[in-house]
Amino acid sequence: MVSVDLTSFHHHDLFLRLNRSYPSLHKASHDYGSGRVPSIPSFALKSNVFIYNGHMPEILLRTKLYVPPLRPNLVSRPRLIERLDQGLQLGAKLTLISAPAGFGKTTLASEWVGSLRLHAVKESQTKYQASWLSLDENDNDLARFLTYFIAALNQNEGFESPLGEGVLSVLQSPQPAPTETFLTPLINEITAIPNGMIFVLDDYHVISSSEVDDALIFLLEHLPHQLHLAIVTRKDPNLPFARLRARGQLTELRATDLRFSISEAAEFFNEVMSLNLAEEDITVLDSQTEGWIAGLQLAAISMQGQKDATRLIKSFTGSHRFVLDYLIEEVLNQQHVSVQTFLLQTAILRRLTGSLCDALTGEDNGQETLERLEHANLFIIPLDEERRWYRYHHLFAELLQQRLKHTYPNLIRDLHSKAAGWHETNGEFHEAIHHAIAMDDTKTATRLIEKGALEALERSDLRFILNWVDRLPDTALESSPWLFLYHTWALLISGQVDVAASRLENTEWILELNSADESRIQEMFGYIAGSKALLCLWQRDYENGINLANQALENLPENHWVRGYCAIVLGGTFAGVGNLGEAISAFVESSSVGKASGNKLLEVSSACNHAYVLELEGHLQQAIKIYQDAFLITERDGREIPVGGYIYIDLARLLYELDELGLASQHLKKGIKLCQQLMDGRAEKIGHLLLARVQLAQGDVVNALNSIKNAEKAYPGQETSFDLRGGEYAQIRLWLKEKNLKEVEAWIEESGASINNVLHFKTKLNSTMHARALIALGREYPNGPHLNDAQDLLEKLLRLAENNGWASKVIEILALQAMALEEEGDAAQAMTKLERALILAEPEGFVRTFVDEGPAMAHLLRKARNHGIASTYIRQLLAAFPMDEPAQADTRTSHADQSELVEPLSERELEVLQRIAEGLTNRQVADQLYLSLNTVKVHTRNIYGKLGVNNRTEAVARARDLGVLPRS
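S.K.: For this particular structure, what's the right way to read the overall build of the protein?
M.R.: Across its full length, the protein carries 51 helices and 11 strands. Taking contacts inside the protein between residues at least 6 apart in sequence as the whole, the part at least 24 apart equals 67%. When the accessible surface of the protein is split by element, carbon and sulfur atoms take 49% of a total near 43,700 Å².

S.K.: So what exactly am I meant to see when it comes to the packing of helix H43 (residues 827-841) against helix H45 (residues 855-866) here?
M.R.: To characterise two packed helices, one gives the angle between the axes of the helices and the distance between these axes. One can describe the packing of H43 onto H45 by two numbers: an axis separation of 10 Å at closest approach and a directional angle of 90 degrees. By the criterion of interaxial angle, the relationship of H43 to H45 is roughly perpendicular. Listed contacts from H45 to Ala827, Ala830, Met831, Leu834 and Leu838 of H43 are Met857, Leu860, Leu861, Lys863 and Ala864. Here the contact of H43 with H45 is composed, by residue class, of nine nonpolar, no polar and one charged.

S.K.: Teacher, can you tell me more about helix H35 (residues 681-697) here?
M.R.: Residues that lie three or four places apart on an α-helix share one face, since the helix turns once every 3.6 residues. Over its 17 residues, H35 extends 24 Å from the first C-alpha to the last, a length consistent with the 24 Å expected when each residue adds 1.5 Å. For H35, a buried count of 17 out of 17 residues is recorded, marking the element as mostly surrounded by other parts of the structure. The distance from a side-chain oxygen at the start of H35 to the backbone nitrogen of arginine 682 is 3.2 Å, and the residue carrying that oxygen is aspartate 680.

S.K.: Please explain the nonpolar core as it appears in this structure.
M.R.: One recurring pattern in soluble globular proteins: nonpolar side chains tend to sit buried together. With 171 residues, the main nonpolar core has Tyr646, Leu834 and Phe850 as its most contacted residues. If near-sequence neighbours (up to four positions away) are discounted, phenylalanine 850 is found in contact with Ile811, Ala815, Leu834, Ala837, Leu838, Ala841, Met857, Tyr873, Leu877 and Phe881.

S.K.: What's the story with the pairing of strand S3 (residues 94-98) in this structure? I'm lost.
M.R.: Residues in a regular strand project their side chains so that they alternate between the two faces of the sheet. For S3, the buried fraction is high: five of the five residues fall into the buried class. Across the two faces of S3 the burial is the same, with Leu94, Leu96 and Ser98 and Thr95 and Ile97 all buried. By the bridge criterion, five bridges tie S3 to strand S6 (residues 227-233) in an arrangement that is parallel. Following the sheet pairing, isoleucine 97 is matched in S6 by valine 232. Note: S3 against strand S7 (residues 250-253), four bridges, orientation parallel. Pairing of leucine 96 across the sheet is with glutamate 252, part of S7.

S.K.: Which parts of the structure should I look at to understand the sheet that holds S6?
M.R.: Strand pairs in the sheet, formed through backbone hydrogen bonds, run parallel or antiparallel to each other. Spatially, S4-S5-S6-S3-S7 is the arrangement adopted by the five strands of the open sheet, whose pairing is parallel. Each edge of the open sheet is held by one strand with a lone partner, namely strand S4 (128-134) and S7. In this sheet, neighbouring strand axes are inclined to one another by 15 degrees on average, regardless of whether the strands run parallel or antiparallel. Pairing of S4 with strand S5 (residues 196-202) involves seven bridges; the strand directions are parallel. Along S5, the bridge assignment pairs tyrosine 128 with glycine 196.

S.K.: I would appreciate a short explanation of the environment of leucine 400 in the present structure.
M.R.: Structurally, the position occupied by leucine 400 is in helix H19 (residues 394-407). According to the relative accessible area criterion, leucine 400 is buried, its value standing at 0%. C-alpha separation for the pair leucine 400 and glutamine 340, spaced 60 residues apart in sequence, amounts to 9.2 Å. Sequence-distant contacts of leucine 400, that is, excluding residues within four places in its chain, are made with Leu332, Leu343, Leu344, Ala347 and Tyr392.

S.K.: Just checking my understanding: could you explain the packing of aromatic side chains for this structure?
M.R.: Aromatic ring pairs are reported here in terms of the distance separating the ring centres and the angle at which the planes meet. Taken as a whole and judged by the stated rule, the model has 15 aromatic pairs. Ring geometry for tyrosine 392 against phenylalanine 396: centres 6.0 Å apart, planes inclined by 80 degrees, an arrangement best described as edge-to-face. Using a relative accessible area of 0% as the deciding quantity, one classes phenylalanine 396 as buried. Between tryptophan 482 and tyrosine 527, the ring centres sit 5.2 Å apart and the planes meet at 85 degrees, which makes this aromatic pair edge-to-face.

S.K.: Would you mind going over the pattern of salt bridges with me for this structure?
M.R.: Pairs may arise between side chains of opposite charge once their charged atoms sit close together. Going through the model one piece at a time under the given rule, you end up with 34 salt bridges. Between glutamate 264 and arginine 79 there is a salt bridge, with its nearest N and O atoms 2.9 Å apart. Of this pair, glutamate 264 sits in helix H11 (residues 262-272) while arginine 79 sits in helix H3 (residues 78-89), and the two are 185 residues apart along the sequence. The salt bridge partner of lysine 451 is glutamate 424, with a shortest N-O separation of 3.1 Å. Here the residue lysine 451 occupies a position in helix H22 (residues 442-458), and glutamate 424 occupies one in helix H20 (residues 412-425), the gap between them amounting to 27 residues. Taking relative accessible area as the criterion, lysine 451 reaches 48% and is therefore assigned partly exposed. Beyond isolated ion pairs, a larger network of salt bridges with shared partners links Lys64, Asp136, Asp139 and Arg144.

S.K.: When you look at the side chain of lysine 764 in this model, what are you seeing that I'm missing?
M.R.: Residue placement: lysine 764 occurs in helix H39 (residues 761-765). Although lysine 764 lies buried, it forms no salt bridge, and the closest oppositely charged side chain, glutamate 728, sits 16 Å away as judged by the N-O distance. With residues up to four places along the chain from it excluded, the contact list for lysine 764 reads Ile755, Val758, Leu759, Leu797 and Leu800.

S.K.: Would you mind going over the pairing of S6 with me for this structure?
M.R.: S6 sits mainly inside the fold: seven of its seven residues count as buried. Neither face of S6 is open: one carries Leu227, Leu229, Ile231 and Thr233, the other His228, Ala230 and Val232, and all of them are buried. For S5 and S6, the ladder comprises six bridges, and the chain directions are parallel. Its bridge partner lying in S6, isoleucine 198 is registered against histidine 228. A crossover connection joins S5 to the parallel S6 through helix H8 (residues 210-221); in handedness this β-α-β unit is right-handed.

S.K.: Hey, could you run me through unusual backbone geometry in this one?
M.R.: It is generally the case that most residues other than glycine have a negative phi and that most peptide bonds are trans. Residue aspartate 203 is not a glycine yet carries a positive backbone phi of 60 degrees. For aspartate 203, the location among the structural elements is in the loop between S5 and H8. Since its relative accessible area comes to 28%, aspartate 203 is described here as partly exposed.

Cut-offs used in this document
- Residues numbered from 1 in each chain as written.
- Predicted model: local features only at pLDDT ≥ 70, side-chain atom pairs only at ≥ 80, totals over all residues.
- Heavy atoms only, no water.
- Helix = DSSP H or I, 4+ residues; strand = E, 2+ residues; numbered from the N terminus.
- Contact = heavy atoms within 4.5 Å.
- Areas by Shrake-Rupley, 256 points an atom, 1.4 Å probe, with all protein chains shown as cover.
- Axes fitted to C-alpha atoms, helices over the stretch in contact; angles between N-to-C directions.
- Parallel < 35°, antiparallel > 145°, perpendicular 65-115°, else oblique.
- Nonpolar A, V, L, I, M, F, W, Y, C, P; charged D, E, K, R; others polar.
- Expected span 1.5 Å × (residues − 1).
- Buried < 20%, exposed > 50% of the residue type's maximum accessible area, 1.4 Å probe, protein only.
- Polar contact = N/O pair within 3.5 Å; in protein donor to acceptor, adjacent residues only side chain to side chain.
- Core = buried A, V, L, I, M, F, W, Y, C linked by side-chain atoms within 4.5 Å.
- Pairing = 2+ DSSP bridges.
- Phe/Tyr/Trp six-rings, centres within 6.5 Å; stacked < 30°, edge-to-face > 60°.
- Salt bridge = Lys/Arg side-chain N within 4 Å of Asp/Glu carboxyl O.
- Lys, Arg positive; Asp, Glu negative; His and termini not counted.
- Right-handed = clockwise from strand over helix to strand, strands pointing away.

Okay, structure coming up:
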């Protein structure tokens, strides 16, 4: 900015040039010299305009009035431009773009102005003109602010006369005038503007003058509809946002809106910066920077010329030199010393609230300071609607921690100690332990984990125990027997059997260490016996499991949660030997203990086991009711606790059976996520394997294969199929679906199809997959032994299932027997088996047990319906088959002997005849074969003519006599 002192002749030449350009300035100089107040020159001239600052007029800095030019390779942000446009369309008075430094606020406002201008050109109209004012600290003087404001207004074309000359005259009055005195004329002038105008005030955070704020408030309250104000700022100004928000007169964009999305970050790195980063690298950077645009730009600058971008990305933190320099210069150094001190003292906190900050700083203004920091957009993010909890932006937090370590290294341990104490007092064990570990205080960390472990077990938060114990030294549990036991239970419940087994090999030291505490020795013995009993159930050591469970019961008080797991051991033992009735009684008892003790993990596990046994008995609807009721157990404070994952996965298995594939898929995906939170890899594995079955049913082979791979990642243990609850042999199902019989044959040879050497009852019944594979091989190699082997195996399995009341397995076995008999040519016996399966299945609505067997089963079901067997039910089942499979099932009819016909039936006529034989009307045939009704009638007449008959009944009978259709 150039200042001109008109009372001296040091700038005489310049003064003469200015005087020639602005004659009124000559009078102003004489007025100034005589002590009279000068008049302000006209703003009609837009080249070199003057403002008066104190005793000296200055040239107006025109670059403050320019819209910042956009780079040609800008990442366009249409989603944000649309929101800004909506604010205009809905009649908002003010747009607020408020975020910390480096979030692209000015760039967005500039892009918006440009888009409005471009739209006006395309539409050949001038709906909105734009004014821009880039503010600086000098604009805290009201006269200067308004002078620039009016100058920016006059940058637009189409005004009959300059705006605001009267305002400038009033401003020069020696006596300060009320705001309305000098703004009212300006507002009146703006109402005469023919077109709308957007006025952008950029960098408003530099304004600290209450006079400027008051002037803007008056302008907003009386804003003509022609003018829309937009404020771009790093901190919220003192304006009535609440009132404007309530009236629907405010459009707001904040840091959460401005942050780059993954797609925008990808466009920036790979198109603008030509870095060709992989998707996973972009995702990591976006997460590290939380979409902070300046952070992404600094990362891009760092990577230019680097060969190993991935390594640099991993090291890109708040201590990176570019980030460090930017945040220190643009953010930290701009703050008052007291604010900098507060930031450093609270840098160790992952979440901040007023009283916690007070505990660390020793002050009593924590909440007030946090609210001030939020108001100033100082890289602080609110975590709730009440503005009680906050956190720092990740990179900003890392910067603060780096500065704290460099500036006050001896203060860090004391800060962590204070934070741990505050969190423990307030029941925040996770955070208390975090700070204890951060200051290498293993003793305090162990004590805190033990203190929270029992409650964590009861609320199904296994992650609390497993994660924190993993961060302790290996020797830490030796001094904490109770934590040792809680951790062992967490391992068992989450299916980490091998680790738990090694822990339980020697437990004598636990009792010896606590021998002085007689009051708890008995309870501790109950814990130990109960955990060993549960381990025996996992290992199928039923006899020892029952003995240990009884020992635990003798040493534990009534309704103790460990007693509930002892009941689960009993129920699992009964189910393991086939006694479902006794298993149900045990699981009901276990659920009762879970409810009485408040252990929701136990209560839900018991309910799921109970429902699963009902499912095995064939009572699908009862099982569904139990699962649905169990969801009520998992609600806590409006949130769903992780153990709900068990219910979603088990219920999905029933939904799948009922052919509710979409809902089953949704349940499984949600259940998998919850079980990941629960850290139960075994349950997660079951979820992935069941999801693979759903995806196979939907024809999605690619994702089914991915789900099988995910199952192995979730729980790579070599557990037997006993543990998989319906997710058994997903890979074999995939091979059968793809007709990959070489792999199937290799599996049969490796695993063996005999159940004579299988020890456990349920594992024997899971051998139905072996029978299914043998039937598929028998279909491919009809002269081999596979079908006979399948029949022998199925007969043994049927006796097992019938003798123990496993109705679901009985239905599955009968369906497989029917298929094997059909392949062997024993159609009558096949119908007998299938009819019995349908009679058992229909009341509960079994679907996938039949449909999963594919075209061969569809063919059998059609034959059964032709025999008048369960016609309504079969129609429902056939409707569940994929559209292409029934046609595949019927292709054998196209090869029927037609030698006795004068003219053979065409392929399409055979398809129509087959459906006539099934009893379908012409309309139903048309719908199923995607033909018009008239075309079906033409085919029917041709069929009658070739067969020499007059109606449908005669056509079916004649076709069967000739062998064109299989005999009933």
